[in-house]
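Descriptive analysis of the structure
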Amino acid sequence: MRQATICPRGIARNLRSTSVSVQRRSLATPTSLPDKDCASITPPYPKLQKNLAVVRRLLGNRPLTLAEKILYSHVYEPEETLANGGIKRGETYLQLSPERVAMQDASAQMALLQFMSAGMSRCAVPASIHCDHLIQAAEGAEKDLQRSIVTNQEVFDFLESAGRKYGIEFWKPGSGIIHQIVLENYAAPGMLMLGTDSHTPNAGGLGMLAIGVGGADAVDALTGTPWELKAPKIIGIHLTGQMNGWTTPKDLILHVAGKLTVRGGTGAILEYFGPGVFNQSCTGLATVANMGAEVGATTSTFPYTPRMRAYLQATGRAPVAQAADKAAAKGYLAPDDGAEYDELIQINLSELEPTINGPFTPDLSTPLSKFGGFIQEQGWKDELSAALIGSCTNSSYEDMTSVADLARQANKAGLKTKVPFLCTPGSEQIRATIERDQVTSELESVGATVLANACGPCIGQWKREDKQGEENAILTSFNRNFKSRNDGNRLTMNFLASPTVVTAMAFSGKLSFNPMTDSIPLPSGESFRFSPPRGQDLPKAGFTPGETRYYPSPMPAPQPETEVIIRPDSQRLEILQPFASYFGEGSGNQRGLELPPLKVLMRVRGKCTTDHISAAGPWLKYKGHLTNISENLLITAVNDEGGEVNVAFDHEHAASESETDTIPAVAKRFKARNQPWALVVDDNYGEGSAREHAALQPRFYGCAAIVARSFARIHETNLKKQGILPLWFVDKKDYNRIGSGDVIETFGLADLLQGKADAAIYLRVTPRSGEQFEIPVRHTMSTDQLKWLRAGSALNHIRAQITANAS
């Protein structure tokens with residue numbers, strides 16, 4: 001543990017030093033929107049502080065970090081759940097009571113299908129549905145939106161009817177991206193919320209804990225079941241100095257990603273503090289929190305600041321700001337003096353420069369001043385094929401006015417962008433406000449195409465006609481850049497940067513262009529050089545809501561008579577059937593409380609994200625139909641036995657079948673034979689998106705266990721929720737000892753299921769050829785998670801509890 005002394009403005013001393021910096025924007029004094037009804041979005045601060053006092057006493061009144069205060073104040077019945085001996089970060093499982101759930105349209109389908117099967121008549125906590133993932137970018141905002149509504153009408157009707165039946169706020173297509181809408185409408189300092197998207201932590205920009213989860217985790221909160229989380233470790237990031245010139249909050253998180261890597265934040269909360277925090281806008285902090293997901297962090301948070309207060313007031317939530325002020329005065333919204341962190345990082349924002357990350361991974365970090373040399377060293381073309389700004393990560397008013405400043409400069413010099421320049425507003429409120437303030441027209445005047453208020457190219461919803469099958473480079477202000485993610489082309493290299501760097505490079509068309517130092521030649525023979533961009537974090541004339549027809553009625557009452565719309569012949573939606581347990585009567589398992597013998601389907605090589613396990617893009621249309629979407633299981637994964645993509649071996653194939661086939665095809669063969677199976681996988685398996693389909697699909701085909709060198713947090717939890725046992729190699733070298741067609745059997749699991757908490761588990765491996773051998777493995781299953789496994793899934797267990805309580 002490292003201890004920090006927290007001074008009045010969050011200044012820490014005696015920290016490990018590293019240099020970094022963030023840019024300060026001008027602070028406007030806007031006219032606020034009318035106050036919203038804040039009854040359901042104001043955290044119950046007195047109740048939370050009372051709960052926290054109980055936890056403090058149980059922990060011996062030790063100093064707490066901010067993240068601990070928020071998390072522990074939401075512990076369910078602390079006297080009971082912490083009776084066995086306090087909290088040990090990284091080990092203790094916490095039972096928590098989140099205050100809100102937000103769901104995007106792609107993941108909401110499966111979340112709601114699971115919630116419906118629980119048999120509840122209404123949600124236990126406020127919830128919202130956001131239509132943003134199913135809108136494909138092709139021609140421009142209006143045409144794209146209308147086409148996508150027609151294409152996805154069946155899904156939108158389902159979501160709207162489910163929202164009406166259960167009292168869930170339904171944000172229509174065109175309203176904007178879930179994370180921007182949550183920040184503008186629901187986020188509040190000190191709140192704990194869950195969202196069915198890995199970038200839910202975006203809301204941490206308002207000093208709260210917003211955690212990305214799978215749909216089954218969301219069902220916990222929606223049914224009032226305590227939600228379980230292993231107490232995260234806390235990484236403290238102390239910010240000093242002040243950003244200058246071209247540096248932005250995006251550069252801070254790109255730098256942090258380079259330091260921590262895609263695994264460095266796993267199982268931890270990133271808690272930023274120090275005087276440098278107070279120089280940042282609320283939306284700038286949201287950008288930083290958003291991309292904490294790229295280092296595997298559970299979430300990110302910041303102490304309450306005056307600029308958070310200003311943002312709450314500007315977005316019609318003055319009552320929330322007033323309540324937060326009172327809570328902050330009592331010390332709830334900042335870390336305690338002397339709080340201890342598991343790791344401390346110090347960053348001097350005055351020394352940070354713009355940074356570009358990529359390609360193919362968000363943690364390959366290069367300072368802008370060295371990026372041209374990096375391109376040359378790799379032998380890549382010094383050529384940019386497209387520039388894209390916006391998305392949930394960088395679509396705030398501050399971002400848009402900053403890039404508009406560059407557009408004005410370029411327009412005055414007679415310049416137009418040299419490559420396609422696509423701009424995605426984050427919400428209808430942002431779209432309407434930047435249109436009113438001439439920001440949109442300034443961007444369009446230099447060649448920008450403004451897309452619909454939706455995720456679009458960031459998640460692969462981009463109907464790109466050019467460069468297919470060609471190696472090319474794009475520059476984006478997005479958060480993720482895995483292969484094939486944006487346009488379906490594995491050869492497209494996506495480099496992540498701030499919106500201002502992306503915009504400036506669009507006028508040059510070259511990857512080596514450094515807008516801080518380089519000039520662009522003009523037809524007159526003169527040269528043009530950008531001045532550092534300036535933007536406003538809040539509009540002087542206040543925000544305008546735009547088209548309110550996209551918005552829901554606040555806090556709608558459930559209408560239980562509503563019929564949830566699912567067509568019997570639908571290829572988009574399918575009623576979920578419960579997964580059968582591998583244990584007990586009717587399971588056919590002769591091994592009692594050990595898993596049945598499992599055939600190894602394949603050994604997966606290297607990076608395998610949830611994009612590899614369950615691809616997005618054109619497959620998004622099947623998010624509510626488990627049978628159909630399972631056809632994409634692991635189709636971009638690499639088989640370590642041969643190195644081919646989407647190839648699996650069937651060593652017991654029938655005479656009419658081939659020995660090799662696609663991975664989903666072989667998985668279907670196993671299912672048809674009633675052969676339960678397992679996967680052997682590499683490090684950080686399941687990194688990236690929170691999509692629970694990456695757990696549902698293997699379970700649907702009969703996967704019972706996955707043995708990994710290591711797992712990403714959200715995905716491991718999703719596997720547990722669906723009744724798949726995740727096991728970790730004790731010795732990572734054992735990964736290479738197990739191959740396709742081998743049979744593995746668990747030993748020690750029965751002891752664990754019967755309550756022996758310290759039971760050791762090992763696997764007996766029967767190779768296709770050679771002698772049997774045994775290898776030790778470890779698990780991270782809690783007492784409740786073992787109940788899910790025994791029941792066949794968490795939902796089976798919840799349903800049984802609800803039925804028992806009702807009888």
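Residues numbered from 1 in each chain as written. Predicted model: local features only at pLDDT ≥ 70, side-chain atom pairs only at ≥ 80, totals over all residues. Heavy atoms only, no water.

1. Section: the overall build of the protein chain
- In terms of regular secondary structure, the protein chain is built from 25 helices and 33 strands.
- By the compact-globule yardstick of 28 Å for 807 residues, the protein chain fits well, its C-alpha radius of gyration being 26 Å.
- Referenced to the eigenvectors of the C-alpha coordinate spread, the extents of the protein chain come out at roughly 80 × 60 × 60 Å.
- Counting every position in the protein chain, which comprises 807 residues, the buried fraction comes to 64%.
- Carbon and sulfur atoms provide 49% of the accessible area of the protein chain, an area that totals close to 27,900 Å². (Helix = DSSP H or I, 4+ residues; strand = E, 2+ residues; numbered from the N terminus. Rg over C-alpha atoms; globule rule 2.2 N^0.38 Å. Buried < 20%, exposed > 50% of the residue type's maximum accessible area, 1.4 Å probe, protein only. Areas by Shrake-Rupley, 256 points an atom, 1.4 Å probe, with all protein chains shown as cover.)

2. Re unusual backbone geometry
- A cis amide bond, omega 5°, links glycine 358 with the succeeding residue proline 359.
- Relative to the helices and strands, proline 359 is located in the loop between β15 (355-357) and β16 (365-367).
- Even without being glycine, asparagine 684 reaches a positive phi, approximately 55°.

3. Points about the pattern of salt bridges
- Taken as a whole and judged by the stated rule, the model has 45 salt bridges.
- Ionic pairing is found between arginine 56 and aspartate 336, a salt bridge with its closest N-O pair at 2.9 Å. Here arginine 56, found in helix α1 (residues 45-58), pairs with aspartate 336, found in the loop between α12 (318-329) and β13 (340-341); they are 280 residues apart in sequence, far enough to count as distant.
- Taken together, the shared-partner salt bridges in this structure form one network comprising Asp650, Glu657, Asp661, Arg669 and Arg673. (Salt bridge = Lys/Arg side-chain N within 4 Å of Asp/Glu carboxyl O.)

4. Some remarks on the packing of helix α4 (residues 105-117) against helix α6 (residues 153-166)
- Contact geometry for α4 and α6: axes closest at 10 Å, N-to-C directions at 50°. When the axis of α4 is compared with that of α6, the two are oblique. Our pair here, α4 against α6, has a crossing hand that is left-handed. Along its contact with α4, which presents Asp105, Ala108, Gln109, Leu112, Leu113, Phe115 and Met116, the element α6 presents Val155, Phe156, Phe158, Leu159, Ala162 and Tyr166.
- Considered class by class, the residues forming the contact of α4 with α6 number 11 nonpolar, 1 polar and 1 charged. (Axes fitted to C-alpha atoms, helices over the stretch in contact; angles between N-to-C directions. Parallel < 35°, antiparallel > 145°, perpendicular 65-115°, else oblique. Left-handed = near helix turned anticlockwise from the far one by under 90°. Contact = heavy atoms within 4.5 Å. Nonpolar A, V, L, I, M, F, W, Y, C, P; charged D, E, K, R; others polar.)

5. What about the sheet that holds strand β8 (residues 209-212)?
- Here we have 5 strands laid out as an open sheet, ordered β6-β5-β4-β7-β8, and parallel in their pairing. Both edges of this open sheet fall to β6 (169-171) and β8, since each of them pairs with a single strand only. Each adjacent strand pair in this sheet contributes to an overall mean axis angle of 20°, direction not counted.
- Bridging between strand β4 (residues 100-104) and strand β5 (residues 127-130) involves 4 bridges; their strand directions are parallel. If you follow valine 101 over to β5, its bridge partner there is alanine 127.
- Strand contacts of α4: β4 and β5, with the helix running at about 115° to β4, the strand carrying the most contacts.
- Across the sheet, helix α7 (residues 178-185) is in contact with β4, β5, β6 and β7 (192-195); its angle to β4 comes to roughly 150°. (Pairing = 2+ DSSP bridges.)

6. Details of the state of the cysteines
- Tallied over the entire structure, the rule returns 0 disulfides.
- Free cysteine: cysteine 392, not disulfide-bonded; nearest cysteine sulfur from cysteine 458 at 5.6 Å.
- This cysteine, cysteine 455, is not joined by any disulfide, and cysteine 392 carries the nearest cysteine sulfur, 6.5 Å off. (Disulfide = S-S within 2.5 Å.)

7. Focus on the nonpolar core
- By size, the foremost hydrophobic cluster in this structure holds 214 residues, and its most contacted members are Tyr72, Met103, Leu252, Tyr272, Phe495 and Phe530.
- In terms of nonpolar packing, the next biggest core, distinct from the first, is built from 31 residues, Ala705, Ile744, Leu749 and Phe773 among them. (Core = buried A, V, L, I, M, F, W, Y, C linked by side-chain atoms within 4.5 Å.)

8. Considering the packing of aromatic side chains
- Taken as a whole, this structure holds 19 aromatic pairs when the rule is applied.
- Plain terms: the ring middles of phenylalanine 528 and phenylalanine 530 are 4.8 Å apart, the flat faces sit at 80° to each other, and that makes the pair edge-to-face.
- A residue is classified by how much of its surface remains accessible, and phenylalanine 530, at 5% relative accessible area, is buried.
- Relative to tyrosine 762, the ring of phenylalanine 747 has its centre 5.1 Å away and its plane inclined at 5°; by these criteria the two rings are stacked. Here phenylalanine 747 is found in strand β31 (residues 743-747), whereas its partner tyrosine 762 is found in strand β32 (residues 761-766), with 15 residues between them in sequence.
- For tyrosine 762, a relative accessible area of 29% corresponds to the partly exposed category. (Phe/Tyr/Trp six-rings, centres within 6.5 Å; stacked < 30°, edge-to-face > 60°.)

9. Describing the pairing of strand β17 (residues 386-390)
- The buried count for β17 comes to 5 of 5 residues, which makes it a mostly enclosed element.
- Here β17 shows a buried face lined by Ala386, Leu388 and Gly390 and a second buried face lined by Ala387 and Ile389.
- Note: β17 against strand β20 (residues 472-476), 3 bridges, orientation parallel. Bridging across to β20, alanine 387 finds its partner in leucine 475.
- Summarising the sheet, β17 and strand β18 (residues 421-424) pair through 4 bridges and their orientation is parallel. The partner of alanine 387 across the bridge, within β18, is phenylalanine 421.
- Taken together, β17, helix α14 (residues 397-412) and β18 form a β-α-β motif whose crossover is right-handed. (Right-handed = clockwise from strand over helix to strand, strands pointing away.)

10. Digging into helix α21 (residues 693-700)
- Counting buried positions along α21 yields 8 of 8 residues, so the element is predominantly enclosed.
- Phi turns positive one or two residues past the end of α21, at glycine 702, with a value near 110°.

11. A word on helix α22 (residues 713-721)
- For α22, the buried fraction is high: 9 of the 9 residues fall into the buried class.
- Those residues of α22 lying buried are Arg713, Ile714, His715, Glu716, Thr717, Asn718, Leu719, Lys720 and Lys721.
- Just past α22, the residue glycine 723 takes up positive phi, approximately 85°.

12. Observations regarding the environment of tryptophan 380
- Among the secondary structure elements, tryptophan 380 is positioned in the loop between α13 (368-378) and β17.
- Sequence-wise, tryptophan 380 and leucine 511 are 131 residues apart; in three dimensions their C-alpha atoms are separated by 9.6 Å.
- Those residues in contact with tryptophan 380 that sit more than four places away from it in its chain are Pro359, Phe374, Ile375, Glu471, Met493 and Phe495.

13. Thoughts on the packing of α14 against helix α17 (residues 499-508)
- Where α14 meets α17, the closest approach of the two axes is 9 Å, and the angle between their N-to-C directions is 25°. Between α14 and α17, the crossing angle belongs to the class labelled roughly parallel. Seen from above, α14 lies across α17 with right-handed handedness. Residues Asp399, Ser402, Val403, Leu406, Ala407 and Ala410 of α14 form the contact with α17, whose participating residues are Pro499, Thr500, Thr503, Ala504 and Phe507.
- Here the residues of the contact of α14 with α17 sort into 7 nonpolar, 3 polar and 1 charged.

14. Digging into the confidence of the model for the protein chain
- For the protein chain, mean pLDDT is 92; residues scoring 70 or higher make up 96% of the total.
- Segment residues 5-31 is flagged for pLDDT under 50; beyond a separation of four residues in sequence, or across chains, it makes 125 contacts in the model. (pLDDT = per-residue confidence, 0-100.)

15. Concerning the environment of glutamine 468
- By the secondary structure assignment, glutamine 468 is in the loop between β19 (448-450) and β20.
- For glutamine 468 and glutamine 438, which are 30 residues apart along the polypeptide, the C-alpha to C-alpha distance reads 35 Å.

16. Focus on the environment of histidine 179
- Position of histidine 179 relative to the elements: it lies in helix α7.
- Residue class for histidine 179 comes out buried when judged on its relative accessible area of 5%.
- Contacts of histidine 179, omitting those with residues within four sequence positions, involve Asp197, His199, Thr200, Asn202 and Cys392.
- Among the polar contacts listed, one links the side chain of histidine 179 to the side chain of aspartate 197, at a separation of 3.0 Å. (Polar contact = N/O pair within 3.5 Å; in protein donor to acceptor, adjacent residues only side chain to side chain.)

17. With respect to the side chain of aspartate 105
- Structurally, aspartate 105 can be placed in helix α4.
- There is no salt bridge for the buried aspartate 105, and the closest opposite charge comes from arginine 572, which lies 8.1 Å off by N-O distance.
- Here the side chain of aspartate 105 touches leucine 134 through a polar contact of 3.3 Å, landing on its backbone nitrogen. (Lys, Arg positive; Asp, Glu negative; His and termini not counted.)

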